[in-house]
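Spelled out, the chains give:
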Amino acid sequence: QVHIEESGGGLVQPGGSLRLSCAASGSIFKIYSNSWYRQVPGKQRDLVAIINNEGITNYTGSVKGRFTISRDNVAHIMHLQMNSLKPEDTAVYYCYAIIKTYVSDYLEEYWGQGTQVTVSS
């Protein structure tokens, strides 16, 4: 089974930057789509950014111009570069992937455990 894990979260002051990483391991044939979601207590889990296997990206409006999603298709690592961070960006950030493995005939979806991002003075 595939395992994905986020890293890079932490505490940062408003205006600062963080880079999140999501590493996937296992019997991966191809990752068709990678996404970053975020969730705060009492709120729904919202899509932040998405990138497909061709590198085409999309972002939610509140992060456009500040966040950049990227992926390394060889290493199976996805990144989210977050600049000009605001307190409203505080959330648990989750990695999500749609993956074709060597041992399955179907596409499968995987979630990471999440990494905390706190933007505060």
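As the structure is a computational prediction, the values presented were derived from the model and not from experiment. (Residues numbered from 1 in each chain as written. Predicted model: local features only at pLDDT ≥ 70, side-chain atom pairs only at ≥ 80, totals over all residues. Heavy atoms only, no water.)

S.K.: Explain the pairing of strand S9 (residues 91-101) to me, please; I cannot follow it from the model alone.
M.R.: Summarising burial for S9: nine of the eleven residues are buried, a large majority. Strand direction decides the pairing type here: S9 and strand S11 (residues 115-119), joined by three bridges, are antiparallel. Bridging across to S11, Tyr-93 finds its partner in Thr-115. Taken together, the five bridges between S9 and strand S10 (residues 107-111) define a ladder with antiparallel strand orientation. In the sheet register, Ile-99 faces S10, and the bridge partner there is Glu-108. Between S9 and S10, which pair antiparallel one after the other, the connecting turn spans five residues. (Buried < 20%, exposed > 50% of the residue type's maximum accessible area, 1.4 Å probe, protein only. Helix = DSSP H or I, 4+ residues; strand = E, 2+ residues; numbered from the N terminus. Pairing = 2+ DSSP bridges.)

S.K.: How should I be thinking about the sheet that holds strand S3 (residues 18-25) in this particular structure?
M.R.: The pairing of strands in a sheet comes from backbone hydrogen bonds and takes either a parallel or an antiparallel form. Read across the open sheet, the four strands follow the order S1-S3-S8-S7; overall the sheet is antiparallel. In this open sheet, the two edge strands, each paired with only one partner strand, are strand S1 (3-7) and strand S7 (67-72). Shown here is a sheet whose adjacent strand axes are inclined to one another by a mean of 15°, direction ignored. Sheet analysis places S3 next to strand S8 (residues 77-82), joined by six bridges and oriented antiparallel. (Axes fitted to C-alpha atoms, helices over the stretch in contact; angles between N-to-C directions.)

S.K.: Whenever I open this one, the pattern of salt bridges confuses me. Can you help?
M.R.: Side chains bearing opposite charge may pair, as long as their charged atoms lie close to each other. Within this structure, the stated rule accounts for two salt bridges. Arg-38 is paired through a salt bridge with Asp-89; the nearest N and O atoms lie 3.0 Å apart. Residue Arg-38 is located in strand S4 (residues 28-39), and its partner Asp-89 is located in the loop between S8 and S9; the two are separated by 51 residues in the primary sequence. For the pair Arg-38 and Asp-89, a shared accessibility class is recorded, and that class is buried. The residue Arg-66 makes a salt bridge to Asp-89 at a minimum N-O spacing of 2.8 Å. Here Asp-89 lies in the loop between S8 and S9 and Arg-66 lies in the loop between strand S6 (57-59) and S7, a separation of 23 residues in the sequence. (Salt bridge = Lys/Arg side-chain N within 4 Å of Asp/Glu carboxyl O.)

The quantities given are spatial measurements derived from coordinates; they are silent on function.
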